[in-house]
Amino acid sequence: TVEFVKTYVSKFSRTVDQMVQAARSGRQNIAEGSQASATSKKTEIKLVGVARASLEELLVDFEDFLRQNKLAVWDKDSAKAQVVRALAYKSNRSYTTYKSYLSSPESAANCVICLIHQANYLLDKQLEALEREFIAKGGYTENLFKRRLKARAQ
């Protein structure tokens, strides 16, 4: 996102900061949620949800960029989108794996849109699993309280 806005969005556009912050928020909240998982499933669920919302905001910004610049939005089943989505399954993927898609604003925005959709799909699956686990096992505080009651009863 940072490279995209540096290359294709006017530095005077309010969109620059908005897109960079949404991307950063998505990434940071995933990391913070993961860190919080040891002590608070509730906080983990909340932060993963915030990450998901940030990426959705970023997705809309990329779609708006394409629309406002009269560029094509790839259909999710288009050959180009399928090729980009398949790159996620390469074992040696890195920034350079996607570099060829960054040569034009249309290709770059659509590539990032594909990546955001993949990330959102995975976050949705993670949220579902976290919620199932929370319902089945409870949270850290709840389980700690149960152990305290059990210890007192002995």
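This text follows the structure it describes.
Keep in mind it's a predicted model, so treat the numbers as computed, not measured.

A. Quick peek at the packing of helix α3 (residues 41-68) against helix α6 (residues 105-137). At a minimum axis distance of 9 Å, the contact between α3 and α6 shows a crossing angle of 160 degrees. Compared by their axis directions, α3 and α6 come out roughly antiparallel. As α3 runs across α6, the sense of the crossing is left-handed. Class assignment for the residues of the contact of α3 with α6 results in 19 nonpolar, 5 polar and 10 charged.

B. Inspection of the nonpolar core at higher detail. Counting 24 residues, the largest nonpolar core has Phe4, Leu58, Phe62 and Ile116 as its most contacted members. Among the elements of the structure, α1 (2-8), α2 (14-36), α3 and α6 are those that each provide at least two residues to this core. When residues in this core are grouped by element, the largest group, 9 residues, is from α3. Ile116 has contacts with Leu55, Leu58, Leu59 and Phe62, leaving out every residue within four places of it along the chain. By size, the runner-up hydrophobic cluster in this structure holds 8 residues, among which are Trp74, Leu87, Tyr98 and Tyr101.

How each quantity is defined
Residues numbered from 1 in each chain as written. Predicted model: local features only at pLDDT ≥ 70, side-chain atom pairs only at ≥ 80, totals over all residues. Heavy atoms only, no water. Axes fitted to C-alpha atoms, helices over the stretch in contact; angles between N-to-C directions. Helix = DSSP H or I, 4+ residues; strand = E, 2+ residues; numbered from the N terminus. Parallel < 35°, antiparallel > 145°, perpendicular 65-115°, else oblique. Left-handed = near helix turned anticlockwise from the far one by under 90°. Nonpolar A, V, L, I, M, F, W, Y, C, P; charged D, E, K, R; others polar. Core = buried A, V, L, I, M, F, W, Y, C linked by side-chain atoms within 4.5 Å. Buried < 20%, exposed > 50% of the residue type's maximum accessible area, 1.4 Å probe, protein only. Contact = heavy atoms within 4.5 Å.

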